[in-house]
Amino acid sequence: MASRLYAYLGVGLGLLYLAVLRPTFGSLIAENDLWWMIPEVLREVKGKSAWEILAFLLSPDPQRFGQPVLKAYLFLVTSWLGLHTSHLVLVSVAVHFANAGLLYLLARELGWFG
């Protein structure tokens, strides 16, 4: 019972945190990725077929874009939600919260928490 209460409290505080910070997300100075990486990824996929885009996103080349997962993540977020900084920040924070929740569930299944 208490663990559920803590889970609800954690989710509630996380949502409150996002609600308080939401107005400031749009005024943030774009990170380095928004200055060069995202426009370059979008330029690379412009005019290509779906298979060519998939091959580009999953290939390790060109290496200046880093890991294929990062290319795919940035491409999908900006394709679905646009180039606004707040969208990238909100999706990134949501992914981090989801990862924390999944790690908690894994740890609980492994018996690391009572």
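Structure report, in brief.

Let's shift gears to the pattern of salt bridges. Considering all chains together, one arrives at 2 salt bridges under this definition. Between Arg43 and Glu40 there is a salt bridge; the shortest N-O distance is 2.8 Å. In this pair, Arg43 and Glu40 both sit in helix H2 (residues 32–45), 3 residues apart, roughly one turn of the helix. Judged by its relative accessible area of 49%, Arg43 is partly exposed. Judged by its relative accessible area of 23%, Glu40 falls in the partly exposed class. A salt bridge links Arg43 to Glu44; the shortest N-O distance between them is 3.7 Å.

Attention now moves to the packing of aromatic side chains. Summed over the entire model, instances satisfying the criterion amount to 0 aromatic pairs. Here the guanidinium or amino end of Lys71 rests over the ring plane of Phe56, the centre of that ring lying 4.4 Å away.

In this section: helix H5 (residues 85–109). The end-to-end C-alpha separation of H5 is 36 Å, in line with the 36 Å expected for 25 residues at 1.5 Å each. Where H5 is concerned, the buried positions are Thr85, Ser86, Leu88, Val89, Val93 and Ala107. Of the residues flanking the end of H5, it is Gly111, one or two places downstream, whose phi is positive at about 85°.

Cut-off values and rules
Residues numbered from 1 in each chain as written. Predicted model: local features only at pLDDT ≥ 70, side-chain atom pairs only at ≥ 80, totals over all residues. Heavy atoms only, no water. Salt bridge = Lys/Arg side-chain N within 4 Å of Asp/Glu carboxyl O. Helix = DSSP H or I, 4+ residues; strand = E, 2+ residues; numbered from the N terminus. Buried < 20%, exposed > 50% of the residue type's maximum accessible area, 1.4 Å probe, protein only. Phe/Tyr/Trp six-rings, centres within 6.5 Å; stacked < 30°, edge-to-face > 60°. Lys NZ or Arg CZ within 6 Å of the ring centre and 35° of its normal. Expected span 1.5 Å × (residues − 1).

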